[in-house]
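# Overview (structure and organization)
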Amino acid sequence: MSAYMGKLLYINLSDKTSREMDLNPDLAKQFVGGKGFGAKILYDLLPPGCDPLSEQNILMFMPGPVTGTLAPAFRGCVVTKSPLTGTFADSYFGGHFAQEIRYCGYDGLIITGRAAEPSYLYISDGKVEFRTAAGIWGLDTFATVEAIRTDLGDDTVKTACIGPAGEKLVSFALINCEFNRHAGRAGTGAVMGSKNLKAVVLRGSKTVVPADPAGFAAAVDQAYRELVDDETINSFTVDGTAGSIDFANDEQLLPTHNYYNGQFEGASGLNAAAQRKHFWLRNVACAGCPIACGKVGLIKTGRHKLLVSDIVEYETASMVGSNLGISNVREVAYLVKKCDALGLDGMSAGGVAGFAIEAYQKGLITAEDTGGVELKFGDADAVNYLLEVIASRKGLGDLLARGVKAAAAELGGDAVAFAVHVKGLESPAWGPRSVPGMGLALATADRGGCHQRAFPILYECGGEWEGKPVDRLGTKGKGKIVAHLQNYLAALDTLVKCDFGQYGVKDVTYARLLETAVGEKYDVEKLMLLGERVWNQVRLFNLREGFTRADDTLPKRFTNEPLPEGPYAGARVSLEDLSLLLDEYYTARGWDLEGRPTAEKLNQLGLESLPKLINL
Ligand code: SF4
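Residues numbered from 1 in each chain as written. Predicted model: local features only at pLDDT ≥ 70, side-chain atom pairs only at ≥ 80, totals over all residues. Heavy atoms only, no water.

### Looking at the overall build of the chain
- Regarding its fold elements, the chain presents 25 helices and 19 strands.
- A compact globule built from 616 residues should have a C-alpha radius of gyration of about 25 Å, and the chain, at 23 Å, falls within 12% of that.
- Reported as C-alpha extents along the three principal axes, the dimensions of the chain are approximately 60 × 60 × 45 Å.
- Within the chain, buried positions represent 64% of all 616 residues. (Helix = DSSP H or I, 4+ residues; strand = E, 2+ residues; numbered from the N terminus. Rg over C-alpha atoms; globule rule 2.2 N^0.38 Å. Buried < 20%, exposed > 50% of the residue type's maximum accessible area, 1.4 Å probe, protein only.)

### Here we look at the pairing of strand E4 (residues 76-81)
- E4 sits mainly inside the fold: six of its six residues count as buried.
- Neither face of E4 is left uncovered, since the one carrying Gly 76, Val 78 and Thr 80 and the one carrying Cys 77, Val 79 and Lys 81 both have all their residues buried.
- Pairing of E4 with strand E5 (residues 88-93), which is carried by six bridges, proceeds in the antiparallel orientation. In the strand pairing of E5, Cys 77 is matched with Tyr 92.
- Linking E4 back to E5 in an antiparallel pair, the connection comprises six residues, with Gly 86 at a positive phi of about 80°. (Pairing = 2+ DSSP bridges.)

### Side note on the site of the ligand
- Around the ligand, the neighbouring residues are Ala 73, Arg 75, Arg 181, Ala 285, Cys 286, Cys 289, Ile 291, Ala 292, Cys 293, Cys 498 and Phe 500.
- When its residues are assigned to classes, the shell around the ligand shows nine nonpolar, no polar and two charged.
- Among the domains, domain 1 (7-203) and domain 2 (239-250 + 254-426) are the pair contributing at least three residues each to the shell around the ligand. (Near = heavy atom within 4 Å. Nonpolar A, V, L, I, M, F, W, Y, C, P; charged D, E, K, R; others polar. Domains from an automatic or database assignment.)

### Details of the sheet that holds strand E6 (residues 109-112)
- The six strands are arranged E2-E1-E6-E3-E4-E5 in an open sheet whose pairing can be described as mixed. Each having just a single partner strand, strand E2 (17-22) and E5 make up the two edges of the open sheet. Geometrically, the sheet is characterised by an average inter-axis angle of 20° between neighbouring strands, direction not taken into account. (Axes fitted to C-alpha atoms, helices over the stretch in contact; angles between N-to-C directions.)

### Section: the side chain of Asp 499
- With respect to the helices, strands and loops of the structure, Asp 499 is situated in the loop between helix H20 (478-495) and helix H21 (507-518).
- What Asp 499 contacts, discounting residues up to four positions off in sequence, is Arg 75 and Gln 452. (Contact = heavy atoms within 4.5 Å.)

### Quick notes on the environment of Ser 579
- Relative to the helices and strands, Ser 579 is located in helix H24 (residues 575-589).
- Judged by its relative accessible area of 30%, Ser 579 is partly exposed.

### Focus on the sheet that holds strand E13 (residues 280-284)
- Strand order across the open sheet formed by three strands is E13-E14-E15, with antiparallel pairing between neighbours. On the outer flanks of this sheet lie E13 and strand E15 (308-310), each paired with one strand and no other. If you compare each strand with its neighbour and ignore which way they point, the axes differ by 25° on average.
- Two elements, E13 and strand E14 (residues 294-298), share four bridges in a ladder whose sense is antiparallel. The residue bridging Trp 280 from the neighbouring strand is Gly 297, located in E14.
- Contacts from helix H8 (residues 231-239) reach E13 and E14 within the one sheet, and its direction differs from that of E14 by about 20°.

### Focus on the domain arrangement of the chain
- When the domains of the chain are assigned, the result is domain 1 (7-203), domain 2 (239-250 + 254-426) and domain 3 (436-604).
- Measuring from the centre of the C-alpha atoms in domain 2 to the corresponding centre in domain 3 gives 27 Å.
- Counting from both sides, the interface comprises 26 residues of domain 2 and, opposite them, 27 residues of domain 3.
- Roughly 1900 Å² of surface becomes buried between domain 2 and domain 3 when both sides are summed, with 65% attributable to carbon and sulfur atoms.
- Our count for the domain 2 to domain 3 interface comes out at two salt bridges. (Buried area = accessible area lost by both parts, 1.4 Å probe. Salt bridge = Lys/Arg side-chain N within 4 Å of Asp/Glu carboxyl O.)

### Quick notes on the packing of helix H11 (residues 314-321) against helix H12 (residues 329-342)
- Running from amino to carboxyl end, H11 crosses H12 at an angle of 105°, the nearest separation of the two axes being 10 Å. Of the possible angle classes, the one that applies to H11 and H12 is roughly perpendicular. Note on element contacts: H12 touches H11 through Val 332, Leu 335 and Val 336, opposite Thr 316, Ala 317, Val 320 and Gly 321.
- Each residue belonging to the contact of H11 with H12 can be placed in one class, and the counts come to five nonpolar, two polar and no charged. (Parallel < 35°, antiparallel > 145°, perpendicular 65-115°, else oblique.)

### Here we look at unusual backbone geometry
- Despite not being glycine, Asn 196 shows a phi value in the positive range, around 60°.
- Within the secondary structure layout, Asn 196 lies in the loop between helix H6 (188-194) and strand E12 (197-203).

### Points about the pattern of salt bridges
- Counted according to the given criterion, the structure contains 41 salt bridges.
- Between Lys 35 and Asp 90 there is a salt bridge; the shortest N-O distance is 3.1 Å. You can see Lys 35 sitting in helix H2 (residues 34-45) and its partner Asp 90 sitting in strand E5, a full 55 residues away along the chain. Per residue, the accessibility class of Lys 35 equals that of Asp 90, and both read buried.
- Across the pair Arg 303 and Asp 381 runs a salt bridge whose closest N-O atoms are separated by 2.9 Å.

Below is the structure:
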């Protein structure tokens, strides 16, 4: 007995077939679930160089082995090849959809092919229906969920869907997995759109039974206690991640005016106090999560009065707020909700809009391109215009829909100097110029610039890691810290932990949850080895796609332009610094100095001659 359901569901949209595949025990043993399953299956099934928007690409929805149990703060992820970056992509979502995959009897959904016409999938326990989406193609994400519920006569089904942006193959389109939960990053929604797949709808009735029910219950109890006793976790319950606005602003990490600076004079208009004042009503949680970081809000005053909103979490408050010079949180809430409805990743949309405004200021985009709309920082109406043309790919929107990397290449001039991305993924809301370890984490993140693969900022600003002092502005020792954090988080992403839960739940507790769920001995050391295996497996995928050391880099804004003012004025991560960081990081990983895992390392991780663990 184990918490695995024992089956993966494979669906081919091209010929409308589906089949249940037995879960390979070696896949479970070596890769556990979530990101691990996605990494190995993508490597095994995808032909090298596959066009992400072709019918060959595969789109996976992967829970972990404890998702759907009483264990708190576990979720699901979407894994595919990204149309934005061309890399491996894993994008995480909360809500209830991942749990329902397990209740349908599966450890993951693997979708390939392309439907001949707009369609949606309805999976109900063992039954798979291919249904027409003709009546809902073009609807926004919220309307799509409602229309499907009406169509099925069931308002309790769990739905993952795309909006108009996904249908139009916008490179940073998201998949909506509930009112306020999304697989946001790296363009998973465009992959879904390329498959003519409007939605996946689930209804399941199975239960997940751990291998050691008593031991698992004790581990769950322990995890709950660690969460509710933790100060950081409690701050998420009270303020969500909006509490980070003040921290980032004080530390000069807050993206402002397309990352020109790291402090914003209007930060107090965006922070948790401002959000509380203007719209929070009550907390909401993903399935079984005691943290409940989400908020339902209602804008109480101003021109968007009575708009129902979610919390504007840190990343979008920054990318759509400070990064665009907007300090009115009600305007930001409106714009973020618009992103959600259209099916745009708010983080990338904020990055793209900041890039477009700066390009306009510098004359690379003109009023002729915008139909007379003036693009300027601080103007919410100009951003609203940009979101609409991007999602519909009209005019200038068609260029911007490809992301800042592609847009900068096409605009030419010095556009590449202010295109803020890593490997094509628009940077998250943590400017790294005064925290070089974070710069390294962004440069080496597997899906492009991402703060969720390692977050050394905590130690760089805190001045200590594992009892040893950390020099915030220095490079020494950062490679080892970043490699360690990446391995740990990759391990937890096989369980598909929520990012916030990891700040409370201890490593031994995660190991115990896994051990008692799947019935195999786990300690922290084995957990770390698992994470390292998964990280290397993803690296093998990206190397096979042609990525090299040269791609582990940072945007020119961070390497060439020092912070212009403030407490860390003059700080940047120069290319020389980055080179030192990379050398140390690759060495810590047991890779060669070109960033390739050595045969010895692959052998140690059991990857050197590992066969395919999935066969069609
Ligand atoms: S902390 Fe927030 S995002 Fe994470 S599982 Fe709980 S409610 Fe969901």
